[in-house]
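# A structural walkthrough
In case you want the letters, here they are:
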Amino acid sequence: MNIVNFTPISALTGGLIIGFAVLIFFLFNGRLIGISGIASNFINREEKKLDNFLFLVGLIIGPIFYKFFFNKEIDINISNSFILLIVAGLLVGFGTRISGGCTSGHGISGISRFSLRSIIATITFMIVGVITVLIKNYL
């Protein structure tokens, strides 16, 4: 087995940054982080709308700052049709509603609280992701 993308230093750094972001968000908002929940609250609720908006904007401008400060190209190639991507996005949104959260909410905040529901949801996300890749690549 050849591990091509084994990057422990950047993975550890990224994990620490994500953990720090979860802590900061909790301290300032009193709730755990989850991207689908933040997006939903931004659209549907009036409370803490600015906080949710700033978090979402940070997700967008973060890579721009990275590109600017580290002078590295961010290579994104969309290999499927936009219609397929829209359908996939809608299915992900539907799935996050059914499971009561997304991979970031369950996988980061839920597992760190030892939530059985989040552990089961994250395992389910990963299994379905692996099966999807296997189907896409081998059928």
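Remember, it's a predicted structure, so these values are computed and weren't measured experimentally.

## Some points on the environment of Ile135
Along the polypeptide, Ile135 turns up in helix 6 (residues 116-138). On the basis of relative accessible area, Ile135 is assigned to the partly exposed category, the value being 47%. Taking C-alpha positions, Ile135 is 21 Å from Gly93, a pair spaced 42 residues apart along the chain.

## Thoughts on the packing of aromatic side chains
For the coordinates displayed, the defined rule picks out five aromatic pairs. Taking the centre distance of 5.2 Å and the plane angle of 75° together, the rings of Phe68 and Phe69 count as edge-to-face. A connected cluster of aromatic rings, assembled from ring pairs, spans Phe65, Phe68 and Phe69. In this structure, Lys49 is placed above the aromatic ring of Phe42, and the distance from its NZ or CZ to the ring centre is 5.0 Å.

## Looking at helix 5 (residues 103-112)
Three or more residues of helix 5 are buried, namely Ser104, Gly105, His106, Ser109 and Gly110. Looking at the buried residues of helix 5, the elements they touch are helix 1 (8-29), helix 2 (35-44), helix 4 (82-99) and helix 6. After helix 5 finishes, the residue Phe114 shows a positive phi value of roughly 60°.

## Quick notes on the packing of helix 2 against helix 3 (residues 49-70)
It is at 9 Å that the axes of helix 2 and helix 3 come closest, and there the two elements cross at 130°. It follows that helix 2 is oblique to helix 3 by the angle criterion. Considering only the axes of helix 2 and helix 3, their crossing is left-handed. In this structure, helix 2 contributes Ile35, Ile38, Ala39, Asn41, Phe42 and Ile43 to the contact, and helix 3 contributes Lys49, Asn52, Phe53, Phe55, Leu56 and Leu59. For the contact of helix 2 with helix 3, the residue count by class is nine nonpolar, two polar and one charged.

## With respect to helix 2
Among the residues of helix 2, Ile38, Ser40 and Asn41 are the ones counted as buried. One side of helix 2 holds all its buried residues, which, seen down the axis, span an arc of 165°.

## A closer look at the nonpolar core
Membership of the largest hydrophobic core is limited to five residues, which are Val22, Phe25, Ile33, Ile38 and Phe55. Not counting chain neighbours up to four residues away, the residues in contact with Phe55 comprise Phe25, Ile33, Ile35 and Ile38.

## Side note on the side chain of Ser104
Secondary-structure assignment places Ser104 in helix 5. Non-local contacts of Ser104, meaning those with residues more than four positions away in its chain, are made with Ile33, Gly34, Ile35 and Ser109.

Conventions adopted
Residues numbered from 1 in each chain as written. Predicted model: local features only at pLDDT ≥ 70, side-chain atom pairs only at ≥ 80, totals over all residues. Heavy atoms only, no water. Helix = DSSP H or I, 4+ residues; strand = E, 2+ residues; numbered from the N terminus. Buried < 20%, exposed > 50% of the residue type's maximum accessible area, 1.4 Å probe, protein only. Phe/Tyr/Trp six-rings, centres within 6.5 Å; stacked < 30°, edge-to-face > 60°. Lys NZ or Arg CZ within 6 Å of the ring centre and 35° of its normal. Contact = heavy atoms within 4.5 Å. Axes fitted to C-alpha atoms, helices over the stretch in contact; angles between N-to-C directions. Parallel < 35°, antiparallel > 145°, perpendicular 65-115°, else oblique. Left-handed = near helix turned anticlockwise from the far one by under 90°. Nonpolar A, V, L, I, M, F, W, Y, C, P; charged D, E, K, R; others polar. Arc of directions from axis to C-beta. Core = buried A, V, L, I, M, F, W, Y, C linked by side-chain atoms within 4.5 Å.

Purely spatial values, then, with no claim about function.
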